[in-house]
Each structure stands twice: as structure tokens, then as C-alpha cells.
Amino acid sequence: QVQLVESGGGLVQAGGSLRLSCAASGSRFSIKTFTMGWYRKAPGKQRESAATITSGGNTMYADSVKGRFTISRDNAKNTVYLQMNSLKPEDTAVYYCNAPGPYGSFLGSWGQGTQVTVSS
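These remarks concern the structure in this document. Since the model is a prediction, treat every value here as computed from it, not as a measurement.

1. Focus: the state of the cysteines
- Tallied over the full model, the rule gives one disulfide.
- Across a sulfur-sulfur distance of 1.9 Å, Cys 22 and Cys 97 are joined as a disulfide pair. Negative torsions about the S-S bond denote left-handed disulfides, and the value of about 70 degrees found for Cys 22 with Cys 97 makes this one right-handed. Residue Cys 22 is found in strand S3 (residues 18-23), and its partner Cys 97 is found in strand S9 (residues 93-98); the two are separated by 75 residues along the sequence. When sorted by exposure, Cys 22 lands in the same class as Cys 97, which is buried.

2. Comments concerning the nonpolar core
- Among the nonpolar cores identified, the biggest contains 29 residues, and Trp 38, Ile 71, Leu 82, Met 84 and Tyr 95 are the most heavily contacted of them.
- Not counting residues within four places of it along the chain, the set of residues in contact with Met 84 comprises Gly 16, Ser 17, Leu 18, Leu 20, Arg 68, Phe 69, Tyr 95 and Val 116.

3. A look at the pattern of salt bridges
- Summed over all chains, the structure comprises four salt bridges.
- Across the salt bridge formed by Arg 40 and Glu 48, the nearest N and O atoms sit 2.7 Å from each other.
- Given a relative accessible area of 35%, Glu 48 falls into the partly exposed group.

4. Considerations on the side chain of Asn 78
- Note on placement: Asn 78 falls in the loop between strand S7 (69-74) and strand S8 (79-84).
- A relative accessible area of 14% places Asn 78 in the buried class.
- Within the structure, the side chain of Asn 78 is placed 3.0 Å from the backbone nitrogen of Ile 31, a separation counted as a polar contact.
- Once residues lying within four places of it in the same chain are set aside, the contact partners of Asn 78 are Cys 22, Ala 23, Ala 24, Phe 29, Ser 30 and Ile 31.

5. Topic: the pairing of strand S4 (residues 36-41)
- Of all the six residues making up S4, five are buried; the element is thus mostly covered by neighbouring parts of the structure.
- Pairing of S4 with strand S5 (residues 48-53), which is carried by five bridges, proceeds in the antiparallel orientation. Among the inter-strand pairings, Trp 38 is bridged to a residue of S5, identified as Ala 51.
- With antiparallel pairing between neighbouring strands as the criterion, S4 and S5 make up a hairpin whose turn holds six residues, including Gly 44 at a positive phi of roughly 75 degrees.
- Taken together, the five bridges between S4 and S9 define a ladder with antiparallel strand orientation. Bridge pairing in S9 links Tyr 39 to Tyr 96.

Rules used in this analysis
- Position labels on residues start from 1 in each chain and follow its written sequence.
- Selection of residues for local features in this predicted model requires a pLDDT of at least 70, selection of side-chain atom pairs for listing and counting requires 80 or more, and totals for whole chains, interfaces and linings are taken over all residues.
- Each side-chain value is derived from all of the structure's non-hydrogen atoms; neither hydrogens nor water enter the calculation.
- The disulfide definition used here is simple: a pair of cysteine sulfur atoms within 2.5 Å.
- Secondary structure is summarised from DSSP: a helix means a run of H or I of at least four residues, a strand means a run of E of at least two, and numbering begins at the N terminus for each.
- When accessible area is computed with a 1.4 Å probe and restricted to protein chains, residues below 20% of their type maximum are described as buried, those above 50% as exposed, and intermediate ones as partly exposed.
- By nonpolar core we mean a set of buried residues, namely Ala, Val, Leu, Ile, Met, Phe, Trp, Tyr and Cys, connected to one another through side-chain atoms within 4.5 Å.
- Here, residues are in contact when the closest pair of their heavy atoms is within 4.5 Å.
- Within this document, salt bridges are pairs made up of a side-chain nitrogen of Lys or Arg and a carboxyl oxygen of Asp or Glu, the two lying within 4 Å of each other.
- We call two N or O atoms a polar contact when they sit within 3.5 Å, provided that within protein one can donate a hydrogen and the other can accept it, with sequence-adjacent residues counted only if both atoms are side-chain atoms.
- Only strands that DSSP links by at least two bridges are regarded as paired with each other.

Structure (C-alpha cells):
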């Protein structure tokens, strides 16, 4: 099982920025060959994909975050990042990272995630 730990969340005013990190801490698993993604879930709402990045660096973003969020990876550090700018109250959610597998599956377990709260 892939072990991933999210960090970097917090409270921020609308228009502010945060940088989230997702690390394979304490694991020998290498993310090098895997697509990685950031997912978010607000209370009472379904989990949704915010951004993904392939092993080759190709990125995809949800329309709601396009132009504001940037996903990146550092394979040598076994870490994936999500730079979030121009944050809006509707971005408030718990953010999780994972490695999507085939046909809607995920290779890792869902952890605690990191809370992002944007005030108006």
C-alpha cells in the first residue's frame, strides 16, 4: 500500500495562497512512474479531483481551480505539491493526495488529509 502524508493546510483569507505537500514519508515506495493527484472533499459533498499530474509531467485541472492552482512533483523527494493562489471560500475542504489507478481505482489508502479553510 502507498503511504502518503499531506501537509500545508490552514486558515487563509479569500485571495490568499497556500502550498500543500504530499510526501511518501517513511516509505520506500517511489512515485516516479505514477500519476499523482490532489482531491478535495467539503462536508456533505462528494470528493472531487482538483488536479492530476502524470509521470511525464502532463497536468489536468478541474475547471473550478484552473488558472489558480498548480500541481507539481519532485520525484527525487518523493513529493507532490499543490500551489493554491487566489483562494476562494468555495475552496474550503479537506485536501487529499493519492495515486489514481485504472478505471477509477486508487493505489493508496485515504489518509487524514489536510484542512484548507478560506474565510470571506
